[in-house]
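Next come the chains, spelled out residue by residue.
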Amino acid sequence: MALQNRVTPFSELIAHPARGLVYGNRGCLHDDAGRIRRLQATRRWISCRLEFKGWHRKALLQPGKFTELFFVDEATAFAAGHRPCALCRREDYNRFLAIVGARGADEIDERLDAERLDGRARRLHPTRLAELPDGAFVARDGAAWLVSGGELLRWTPSGYSERVAAPAGRVDTITPPTVVDVLRSGWAGAVPVLHPSALPVH
């Protein structure tokens, strides 16, 4: 049975067999039986490499340990409000801080926490679609859509499906404004920014 540890662009945790290309955590979210009980346990929401120094936990969602999370790609992790890990992605972490002008983890984590949540609800940010870089996510008809090359790509737990022409006007942006600035800089890190299904169709 699939574990409830796949992350949507809205920061929600769902059960799905797709593993994803990016790993991460936001503290211990599960009980001793492995059931998800909370959205977050800390403001430190991070995204990591799938593999690092051969470290491997045999069983996931162990009692008292952090909840292992999986993302389709880094664009999804960014939209959900996660930033690069300072341990397994130190170079990415340092570059991320330099781009956003933060002095350390506490400062950037507090900023992202304020941008991603409004109480327990997801905070959305009205923006002109034409101002968003590729890799940002917007909400449309209750679903998450990736901005990519003048199109919107519908997010699914295993990649991207439907494609539509990007409409004009204002949209509700899911990706936090701080991370939108990072994407606008031409971000490329140690983990895949986009799932292969997001590549242009020829």
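See above for the structure.
Residues numbered from 1 in each chain as written. Predicted model: local features only at pLDDT ≥ 70, side-chain atom pairs only at ≥ 80, totals over all residues. Heavy atoms only, no water.

Draft legend 1. Representation of empty space enclosed by the protein in the model. Under the counting rule described, the total for this entry stands at one cavity of 30 Å³ or more. In this structure, the largest cavity spans a volume of roughly 50 Å³. Lining the largest cavity are Arg6, Val7, Ala18, Arg19, Gly20, Phe70, Phe71, Val72, Trp155 and Pro157. Of all elements in the fold, only β1 (6–7) and β5 (69–71) reach the threshold of two or more residues within the lining of the largest cavity. (1 Å grid on protein atoms, 1.4 Å probe; cavity = no way out; pocket = protein on both sides within 12 Å on 5 of 7 lines; lining within 4 Å. Points joined across faces, edges and corners; volume = space filled by probe spheres on them. Helix = DSSP H or I, 4+ residues; strand = E, 2+ residues; numbered from the N terminus.)

Draft legend 2. Quick look at the sheet that holds strand β14 (residues 170–173). Pairing is antiparallel across the open sheet formed by six strands, whose spatial order is β9-β14-β10-β11-β12-β13. Each edge of the sheet is formed by a strand with only one pairing partner; in this case those strands are β9 (125–128) and β13 (159–165). Within the sheet, the average angular offset between the axes of one strand and its neighbour, ignoring direction, is 45°. For strand β10 (residues 137–140) and strand β11 (residues 143–148), the ladder comprises four bridges, and the chain directions are antiparallel. Its bridge partner being in β11, Ala139 is matched across the sheet by Ala144. (Pairing = 2+ DSSP bridges. Axes fitted to C-alpha atoms, helices over the stretch in contact; angles between N-to-C directions.)

Draft legend 3. Up close: the packing of helix α3 (residues 105–116) against helix α4 (residues 177–184). Relative to each other, α3 and α4 sit at 110°, their axes nearing to 8 Å. Our classification of the angle between α3 and α4 gives roughly perpendicular. Listed contacts from α4 to Ile108, Arg111, Leu112 and Glu115 of α3 are Pro177, Thr178 and Val179. Of the residues that constitute the contact of α3 with α4, the class distribution is four nonpolar, one polar and two charged. (Parallel < 35°, antiparallel > 145°, perpendicular 65-115°, else oblique. Contact = heavy atoms within 4.5 Å. Nonpolar A, V, L, I, M, F, W, Y, C, P; charged D, E, K, R; others polar.)

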